[in-house]
There are 2 protein chains.
Amino acid sequence: MRIGIDAMGGDHAPVEEVRGALAARELLAPGDRVVLVGQEDAIRAQLKTEGVADWDQWVDVRHASQFITMNEHPVTSLRAKPDSSLAVMTKMHRDGELQACISAGNTGAFVAAAQMNLRRLPGVHRPGIAVIVPTSHNPVAVCDVGANIQCRPLHLLQYGIMASIYMDAICSVKNARVGLLSVGEEDAKGNELVKATRQLMKADRGVNFIGNVEGRDVFRGTVDVVVCEGFVGNVVLKLIEGMAAGVIKSVLKEIAMVMPDHLDKIKAAGAGLAKKFDFNEYGGAPLLGVAGICIICHGASDFRAIKNAVRVAGDFSRRQVNEQITELCKSTEEA
Amino acid sequence: MRIGIDAMGGDHAPVEEVRGALAARELLAPGDRVVLVGQEDAIRAQLKTEGVADWDQWVDVRHASQFITMNEHPVTSLRAKPDSSLAVMTKMHRDGELQACISAGNTGAFVAAAQMNLRRLPGVHRPGIAVIVPTSHNPVAVCDVGANIQCRPLHLLQYGIMASIYMDAICSVKNARVGLLSVGEEDAKGNELVKATRQLMKADRGVNFIGNVEGRDVFRGTVDVVVCEGFVGNVVLKLIEGMAAGVIKSVLKEIAMVMPDHLDKIKAAGAGLAKKFDFNEYGGAPLLGVAGICIICHGASDFRAIKNAVRVAGDFSRRQVNEQITELCKSTEEA
């Protein structure tokens, strides 16, 4: 398996991307390789800095002269920069030179490049990004978190199906409990999209639909997959990020005031916690539904996140997630 | 001023409602009274249990033979129960027997009763619920959190105006920074509603619009009022509730593992924190835009929340929030 890493994406590119590629060695089977895609000079300079002599045993470098920055318009920038690392990497995937792509760069541009160059799996109407949210109970997948801002009911049904397959493959969650994010559990509650989706999900046998869920249910251990429109999912994801950091800080501050003699231990506990809620530990989010393996990392990713994304890409392939998605989404078409 | 309290609403009714009415004494000006509305026998029995001999110095009891439970359909239950505490209380407000209403009961039914019996302020298109979210920086008002599930741009503009006036009146925040909740700060990002609202808000001089904000900005001290559609706001509110509890629990657990000899102090710190993120401390959320003062409390409210709601109702009246809303929303009509 050959896994591409966008060496130019992310807030710390190419440093963390190169480090992630090097750290991924232990995850690779014999014959597997990671391919750093981007400006060759910058990549080779960073490889040299890292001082790992035998990197070429598992890492390749593929030159791409351009790159897309975080705030560029996805479609416009892809058209203007045909030799950008994202365009080159997704085309390599399309042409069979890669079996997976990883980027911590401009998410919108990655999604657009994937849709443009890889297309959708047969039967899938819209790809969706599934993020795994850490909670004190179980990991919960939220899909979609921003690939598809305005959805139709069939899109949401397929998100439930695809994210369930993914949770089985990556987190060994069998028969994932799928909830539809709404403003109350009753049938009558929600907007028009939720009401129509609810009927579809109830009628579909491919998804273990447990009904509507509310925001608080994400943290209660009662649901494995939360399905929502990309607009809502993106708001939710950013809120969780911002809030976890804020609440942890407040708690540690309060504890430090009560026990000023134990600042060292409090700091140590804080570091453990930050890790628990750290997206870097969760290895990126797949763009489910494209005819390929595309793993989206957070812009602030460090080498651990890149390395974990390599792990996710490998599991995704071995567990044949796309083959399962194609099989199950075909039947939603016929229904 | 006469302030009505729905004695039959809330998870702990009528106990906490009666206690809240009693505790509100210190907030009342001479001549002010609180009126407990609901089943007279139950209310008088609880008043007796509390053992406050001179309660009739500031509390009245108004009998209503019916009440609406938490999961009943708002409009259907109001029609079926014309003598419910919510129907009776909002009609008393309409008829001038009360100048404010408080309920911790069925939010949907309270909103419906308020709209039916009190109507909207002139110029206001849809009432919205504004909740103040505690953060480690500043309190942030989120509006709407569920009165209006599907909004038009003018509704959102008016939420920005109304919540700004409210933040000034209740939290002394002048010229509140208003952000539109979206999935990115750029003009091009968001759904159709956000894009159209953005144009309206930019053109309106009655609101200090700072642009689109994301979920994480709620916790960064950069915005005072976050405007969103009721569906999204309700999801966000429930998520914040569930997450604050979950994260605090995780942090305390982690600290307790590192310092098993200091469980008492850790518990004490935890209690302080729970208070910081406790909605009971924040006194209920106003339904902005109705021709009256309606304060919605959380179903799990204890007496402190009811007491705080009495305080909010008083400030709302004294600071002439409705007069200001009428003045400013009139001009959005003309624009």
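Below or above, wherever it landed, is the structure these notes cover.

About the criteria used
- Residues numbered from 1 in each chain as written.
- Chains lettered and ligands numbered in written order.
- Predicted model: local features only at pLDDT ≥ 70, side-chain atom pairs only at ≥ 80, totals over all residues.
- Heavy atoms only, no water.
- Helix = DSSP H or I, 4+ residues; strand = E, 2+ residues; numbered from the N terminus.
- Rg over C-alpha atoms; globule rule 2.2 N^0.38 Å.
- Buried < 20%, exposed > 50% of the residue type's maximum accessible area, 1.4 Å probe, protein only.
- Contact = heavy atoms within 4.5 Å.
- Areas by Shrake-Rupley, 256 points an atom, 1.4 Å probe, with all protein chains shown as cover.
- Lys, Arg positive; Asp, Glu negative; His and termini not counted.
- Charge placed at Lys NZ, Arg CZ, Asp CG, Glu CD.
- Pairing = 2+ DSSP bridges.
- Axes fitted to C-alpha atoms, helices over the stretch in contact; angles between N-to-C directions.
- Least-squares fit on C-alpha atoms with pLDDT ≥ 70 in both.
- Salt bridge = Lys/Arg side-chain N within 4 Å of Asp/Glu carboxyl O.
- Phe/Tyr/Trp six-rings, centres within 6.5 Å; stacked < 30°, edge-to-face > 60°.
- Patch = residues over 30% accessible without salt bridge, like charges linked within 9 Å, V, L, I, M, F, W, Y side chains within 5 Å.
- Expected span 1.5 Å × (residues − 1).
- Arc of directions from axis to C-beta.
- Buried area = accessible area lost by both parts, 1.4 Å probe.
- Polar contact = N/O pair within 3.5 Å; in protein donor to acceptor, adjacent residues only side chain to side chain.
- Nonpolar A, V, L, I, M, F, W, Y, C, P; charged D, E, K, R; others polar.
- Core = buried A, V, L, I, M, F, W, Y, C linked by side-chain atoms within 4.5 Å.
- Parallel < 35°, antiparallel > 145°, perpendicular 65-115°, else oblique.
- Left-handed = near helix turned anticlockwise from the far one by under 90°.

**What to know about the overall build of chain A**
The helix and strand inventory of chain A stands at 11 helices and 11 strands. The C-alpha atoms of chain A give a radius of gyration of 20 Å, which matches the 20 Å a tight globule of 335 residues would have. If one aligns the C-alpha atoms of chain A with their principal axes, the spans along those axes are about 65 × 60 × 40 Å. In chain A, which comprises 335 residues, the proportion classed as buried is 58%. For chain A, the proportion of contacts with a sequence separation of at least 24, taken over those separated by at least 6, is 72%. Carbon and sulfur atoms make up 50% of the accessible area of chain A, which amounts to about 13,100 Å² in all. Here chain A contributes 37 positive and 39 negative side-chain charges, whose respective centroids are spaced 2 Å apart.

**Section: the sheet that holds strand β4 (residues 100-103) of chain B**
Residue and element names in this part refer to chain B. Pairing is mixed across the open sheet formed by 11 strands, whose spatial order is β3-β2-β1-β4-β11-β10-β5-β6-β9-β7-β8. Edge positions in the sheet fall to β3 (59-63) and β8 (209-213), since each has one partner strand and no second. Each neighbouring strand pair of the sheet contributes to a mean axis angle of 25 degrees, computed without reference to strand direction.

**As for unusual backbone geometry**
A cis amide bond, omega -5 degrees, links A:A13 with the succeeding residue A:P14. Notably, B:S172 is not glycine yet its phi reads approximately 55 degrees, a positive angle. In this structure, B:S172 sits in the loop between α6 (153-171) and β7 (178-181). For B:S172, a relative accessible area of 54% corresponds to the exposed category.

**Focus on the relation of the copies chain A and chain B**
At an RMSD of 0.1 Å, chain A and chain B line up after a rotation of 180 degrees and a shift of 0.1 Å along the axis. Those values place the two copies in the arrangement expected of a two-fold rotation axis. When you check the interface residues of chain A against chain B, 100% turn up at the interface there too, and the contact is symmetric in its surfaces.

**A look at the pattern of salt bridges**
Side chains carrying opposite charge are able to pair once their charged atoms draw close together. Scanning the entire structure with this criterion turns up 40 salt bridges over all chains. With its nearest N and O atoms 2.8 Å apart, the salt bridge here joins A:K81 to A:E72. Residue A:E214 is joined to A:R216 by a salt bridge in which the shortest nitrogen-to-oxygen separation is 3.2 Å. Owing to a relative accessible area of 6%, A:E214 belongs among the buried residues under this scheme. One connected set of salt bridges, linked through shared partners, spans A:E214, A:R216, B:K238 and B:E241.

**Quick look at the packing of aromatic side chains**
Residue and element names in this part refer to chain A. On inspection of all chains with the given rule, the structure shows two aromatic pairs over all chains. Look at Y166 and F316: their rings are 6.2 Å apart centre to centre, the planes differ by 50 degrees, and that puts the pair in the tilted class. With Y166 in helix α6 (residues 153-171) and F316 in helix α10 (residues 303-318), this pair connects stretches of sequence that are 150 residues apart. In this structure, Y166 and F316 share a single accessibility class: buried.

**Examining the environment of A:A300**
Considering the arrangement of structural elements, one finds A:A300 in the loop between β11 (294-296) and α10. Taking the C-alpha atoms as reference points, A:A300 and A:V75, separated by 225 residues in sequence, lie 23 Å from one another.

**Let's talk about a positive patch on the surface**
All names here are of chain A. Among the surface-exposed residues, R119, R120, R126 and R152 lie close enough to one another that they form a single positively charged patch. Tracing the sequence through the fold places R120 in the loop between α5 (107-118) and β5 (128-133). The exposure class of R120 is partly exposed, given its relative accessible area of 42%.

**Side note on helix α7 (residues 192-203) of chain B**
Along its 12 residues, α7(B) runs 17 Å from first to last C-alpha, staying within 8% of the 16 Å computed at 1.5 Å per residue. Along α7(B), the residues that are buried comprise B:L193, B:V194, B:T197, B:R198 and B:M201. Looking straight down α7(B), one finds that the buried residues subtend no more than 130 degrees of arc, so they occupy a single side. Packing partners of the buried residues in α7(B) comprise α8 (230-258) of chain A together with α6, β7, β8 and β9 (225-227) of chain B.

**Examining the interface of chain A and chain B**
The partner chain B presents 46 residues to the 46 residues of chain A that form the contact. Contact with chain B buries area across many residues of chain A, yet A:F231, A:L239 and A:M243 alone supply 15% of it, more than any other trio. Here chain A is connected to chain B by four salt bridges. Here A:K238 makes a salt bridge to B:E214, at a shortest N to O gap of 2.2 Å. Taken together, chain A and chain B are joined by five residue pairs in polar contact (both at pLDDT 80 or more). Going through the elements one at a time, α7 (192-203), α8 and α9 (263-276) of chain A are the ones with two or more residues in the side of chain A that touches chain B. The biggest single contributor to the side of chain A that touches chain B is α8(A), with 20 residues. Residues belonging to the side of chain A that touches chain B are distributed by class as follows: 25 nonpolar, 12 polar and nine charged.

**Details of the side chain of A:D217**
Residue and element names in this part refer to chain A. You can see D217 is positioned in the loop between β8 (208-213) and β9 (225-227). In this structure D217 comes out as buried when scored by relative accessible area, which is 6%. Here the side chain of D217 touches E214 through a polar contact of 2.6 Å, landing on its backbone nitrogen. Beyond its immediate chain neighbours, meaning those up to four positions away, D217 contacts E185, T222 and V223.

**Observations regarding the nonpolar core**
Ranked by size, the top nonpolar core spans 237 residues in total, and within it A:V34, A:I255, A:I325, B:V34, B:I255 and B:I325 carry the most contacts. Filtering out sequence-adjacent residues up to four positions away, B:V34 remains in contact with B:I3, B:I5, B:A21, B:L28, B:W58, B:V59, B:D60 and B:V310.

**Quick word on the sheet that holds strand β6 (residues 140-143) of chain A**
All names here are of chain A. Spatially, the 11 strands line up as an open sheet ordered β3-β2-β1-β4-β11-β10-β5-β6-β9-β7-β8, and their pairing is mixed. Since the sheet does not close on itself, it has two edges, and those belong to β3 (59-63) and β8, each with one partner. Here the strands of the sheet are splayed against their neighbours by 25 degrees on average, with no regard to which way each runs. Judged from the five bridges that link them, strand β2 (residues 33-38) and β3 form a sheet pairing that is parallel. Looking at the pairing, L36 lines up with V61 of β3.

**Quick look at the packing of helix α1 (residues 15-23) of chain B against helix α2 (residues 40-50) of chain B**
Residues and elements named next belong to chain B. It is at 10 Å that the axes of α1 and α2 come closest, and there the two elements cross at 60 degrees. The pairing of α1 with α2 is recorded here as oblique in orientation. Considering only the axes of α1 and α2, their crossing is right-handed. Only I43, Q46, L47 and E50 of α2 make contact with α1, whose side of the interface consists of V15, V18, R19 and L22. Among the residues forming the contact of α1 with α2, the class breakdown is five nonpolar, one polar and two charged.

**Describing the packing of α6(A) against α7(A)**
All names here are of chain A. At a minimum axis distance of 9 Å, the contact between α6 and α7 shows a crossing angle of 55 degrees. Looking at the two axes, α6 sits oblique to α7. The interaxial crossing formed by α6 with α7 has right-handed handedness. Across the interface between the two elements, P153, L154, L156 and L157 of α6 pack against L193, A196, T197, L200 and M201 of α7.

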